[in-house]
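Coordinate analysis (summary)
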Amino acid sequence: MLLSIVTPCYNESGNIAELHRQLSAVADRLDMDVEFVFVDDGSRDNTLVLLKEVAQRDPRARVVSLSRNFGHQAALTAGIQHAAGDAVVVMDADLQHPPELILDFVARWREGYDLVYAYREGVKPRLGYRLINALMKITVPAESADFRLMDRKMVDAFCRMPERARFIRGMIAWLGFKQIGVGYTDRQRFAGQRSYTLRQTARMALYAVLAFSSIPLRAAAVLGLATLGLGLLYAAYILYAWFAGHTIQGWTAQTMTILILGGVQLVCLGVIAEYIGRIFEEVKHRPLYVVREWIGPPRTPAGTAHATRDRQPVAAGDVSGEW
Ligand code: UDP
Ligand code: MG
C-alpha cells in the first residue's frame, strides 16, 4: 500500500525544510509506503531548488515543476494526477494544515471511508460558504479546507473531471463517495505570506458559483420580468392619467425609466457574458497546467495508479487534460 502526500508550493522557500521534516516524521509513523509529491507552481523564489535538494536526499520525494504559476487549484490537480498512491492526501505547504492529522486520515480510510476531509473546528461558516452552498446544488462541507485524503477510486474519478474552471472543494462534494470529516484547528503560516490575493479569492468564489449553478442566469431572467412588470404598471398609470385628463410630467419619468431599463439590461448581459466567458474557457480545452520537469521514478500521469507506476516517463512539456 502506498500513500501519496501532495503539496502545492508557490514561493514557500521558508517552509520547505520544516514541511519535509514534519512530513517525514508522520511517514515514519505510518506502516505503509509513502511518497511526497511536491508541486512547484512556478515559484519566483528558490522553492524549486530546495525541493530538488529534498528529492536528492529523500527517495520518497518527487517534484512536479510547472512551467509557470498556474494557481493553487491547477497545482493541486497536477499533484493529484501525478500521485500513484492507493490513497492520496492533499495539503498546503505552509503548515497551516497539521501533518499529524494524516495519521487520523489513514485510520479513517482503513475503516472504509473513501474521503476523509479536514474541517476547521469551532469556526462559523463564513458568508461566502453559505452563499456558495445556497447557490449550488451540492453542499461543500462548511469550513473544509483543501486538506483531505482520497481513496484511489475517488482520485481516478476526479482525474476524469475535465473542467477548466476548477473549484476543487465543489468537485469533491459533487463526486460523493463515503466520507467523514476530521476536525482540526487552523494554525498560523509557518513562514512566508499568503499568496492568495483578495482578487483571487473573489474570482474563486465567482468560479465556484458559475461552475456549479445556473441560478444567476435565472435571477437575470427574473430581474427582467420584474422590470417588465413595473414598466407595464407604469404604462397602465399613464393610460389612466391620460383618460382622466391629467397632464403628465414626462421628462423625469422618462429618464428614470431609461436608466432603470438600461441598468437591468446591462446587468443581465453581464451575467450572461460571464457564462459565455466560462464556456469559451471550456471549449478552448487548454491543458490545466504544463509540466516543465518531473523528478522521480518514471511515471505517466494518469487516473489509474497501478498502471501509472511503471509506464513511460512523463515527457517534459507534458500537459494534463488528455488522459
Ligand atoms: N499556492 C500555489 N499556487 C498559487 C498560490 C498558492 O500552489 O498560485 C499554494 C501555496 O504554496 C500553499 C497553498 O497553495 O501551499 C495555499 O496557499 P496560501 O497559504 O497562500 O492560501 P491560504 O492558506 O491563505 O488560503
Ligand atoms: Mg495558507
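For the structure, check the block above.
Residues numbered from 1 in each chain as written. Chains lettered and ligands numbered in written order. Predicted model: local features only at pLDDT ≥ 70, side-chain atom pairs only at ≥ 80, totals over all residues. Heavy atoms only, no water.

Observations concerning the overall build of the chain
The secondary structure content of the chain amounts to 11 helices and eight strands. Considering the chain as a whole, with its 323 residues, one finds that 47% of them fall into the buried category. When contacts within the chain are restricted to residue pairs at least 6 apart in sequence, those whose partners lie at least 24 apart make up 80%. As displayed, the chain has an accessible area near 16,600 Å², and 61% of this comes from carbon and sulfur atoms. (Helix = DSSP H or I, 4+ residues; strand = E, 2+ residues; numbered from the N terminus. Buried < 20%, exposed > 50% of the residue type's maximum accessible area, 1.4 Å probe, protein only. Contact = heavy atoms within 4.5 Å. Areas by Shrake-Rupley, 256 points an atom, 1.4 Å probe, with all protein chains shown as cover.)

Focus on the side chain of Asp 92
Checked against the element boundaries, Asp 92 lands in the loop between strand 4 (87-90) and helix 4 (101-110). The class of Asp 92 is buried, set by a relative accessible area of 16%. There is a polar contact of 3.5 Å between the side chain of Asp 92 and the side chain of His 72. Setting aside residues no more than four positions away along its own chain, Asp 92 makes contact with Thr 7, Leu 19, His 72, His 97 and Asp 146. (Polar contact = N/O pair within 3.5 Å; in protein donor to acceptor, adjacent residues only side chain to side chain.)

Concerning the site of ligand 1
Near ligand 1 you find 17 residues, and of these Glu 12, Asp 41, Asp 94, Arg 194 and Ser 195 are the closest. At a separation of 2.6 Å, an oxygen atom of ligand 1 approaches a polar side-chain atom of Asp 94. Protein chains shield 91% of the accessible area of ligand 1, which is 530 Å² for the free molecule. Listing elements by their share of the shell around ligand 1, those giving two or more residues are strand 1 (2-9) and helix 3 (72-82). In terms of residue class, the shell around ligand 1 is made up of six nonpolar, five polar and six charged. (Near = heavy atom within 4 Å. Nonpolar A, V, L, I, M, F, W, Y, C, P; charged D, E, K, R; others polar.)

Some points on the coordination of the magnesium ion (ligand 2)
Distances from the magnesium ion (ligand 2) to its protein donors, Asp 94 (OD) and Gln 96 (OE1), fall within 1.9 Å. Judged by its relative accessible area of 23%, Gln 96 falls in the partly exposed class. (Donors = N, O, S within 2.8 Å, 3.2 Å for Na, K, Ca; no water.)

Considerations on the pairing of strand 5 (residues 115-120)
Most of strand 5 is tucked away: five of the six residues are buried. The pairing of strand 5 with strand 7 (residues 179-184) spans six bridges and is classified as parallel. Bridge pairing in strand 7 places Leu 115 opposite Gln 179. (Pairing = 2+ DSSP bridges.)

What about the pairing of strand 4?
Alternating positions in strand 4 separate into two faces, Ala 87 and Val 89 on one and Val 88 and Val 90 on the other, with burial throughout. Relative to strand 4, strand 1 is paired through four bridges, and the arrangement is parallel. The partner of Val 6 across the bridge, within strand 4, is Val 90.

Observations regarding the pattern of salt bridges
Within the structure shown, the criterion is met by 14 salt bridges. Note that Lys 153 is salt-bridged to Asp 151, the shortest N-O span being 3.3 Å. Ionic pairing is found between Arg 292 and Glu 293, a salt bridge with its closest N-O pair at 3.6 Å. (Salt bridge = Lys/Arg side-chain N within 4 Å of Asp/Glu carboxyl O.)

Some thoughts on the packing of aromatic side chains
Enumeration over the complete set of coordinates arrives at six aromatic pairs. Where Phe 36 meets Phe 38, the ring centres are 6.2 Å apart and the plane angle is 45°; that geometry is what we call tilted. There is no split in this pair, since Phe 36 and Phe 38 are both buried. Ring pairing ties together the aromatic residues Phe 105, Phe 147 and Tyr 184, which thus form one cluster. Across the ring face of Phe 70, the terminal group of Arg 68 is positioned such that the distance to the ring centre comes to 3.9 Å. Its end group placed over the ring of Tyr 113, Lys 178 keeps NZ or CZ at 4.6 Å from the ring centre. (Phe/Tyr/Trp six-rings, centres within 6.5 Å; stacked < 30°, edge-to-face > 60°. Lys NZ or Arg CZ within 6 Å of the ring centre and 35° of its normal.)

Focus: helix 9 (residues 215-243)
Along its 29 residues, helix 9 runs 42 Å from first to last C-alpha, staying within 8% of the 42 Å computed at 1.5 Å per residue. Where helix 9 is concerned, the buried positions are Pro 216, Ala 220, Thr 227 and Ala 241. (Expected span 1.5 Å × (residues − 1).)

Focus: the packing of helix 6 (residues 152-159) against helix 7 (residues 168-175)
Running from N to C, helix 6 and helix 7 point in directions that differ by 115°, and their axes come no closer than 11 Å. As helix 6 runs across helix 7, the sense of the crossing is right-handed. Facing Met 154, Ala 157 and Phe 158 of helix 6, the residues of helix 7 in contact are Ile 168, Met 171, Ile 172 and Leu 175. (Axes fitted to C-alpha atoms, helices over the stretch in contact; angles between N-to-C directions. Left-handed = near helix turned anticlockwise from the far one by under 90°.)

Re a nonpolar patch on the surface
Judged by side-chain polarity, Leu 217, Ile 272, Ile 276, Ile 279, Phe 280 and Val 283 come together as a nonpolar surface patch covering roughly 560 Å² of accessible area. Among the elements that make up the nonpolar patch, the one with the highest residue count is helix 10 (residues 250-284) (five residues). In this structure, Leu 217 sits in helix 9. For Leu 217, a relative accessible area of 33% translates into the label partly exposed. (Patch = residues over 30% accessible without salt bridge, like charges linked within 9 Å, V, L, I, M, F, W, Y side chains within 5 Å.)

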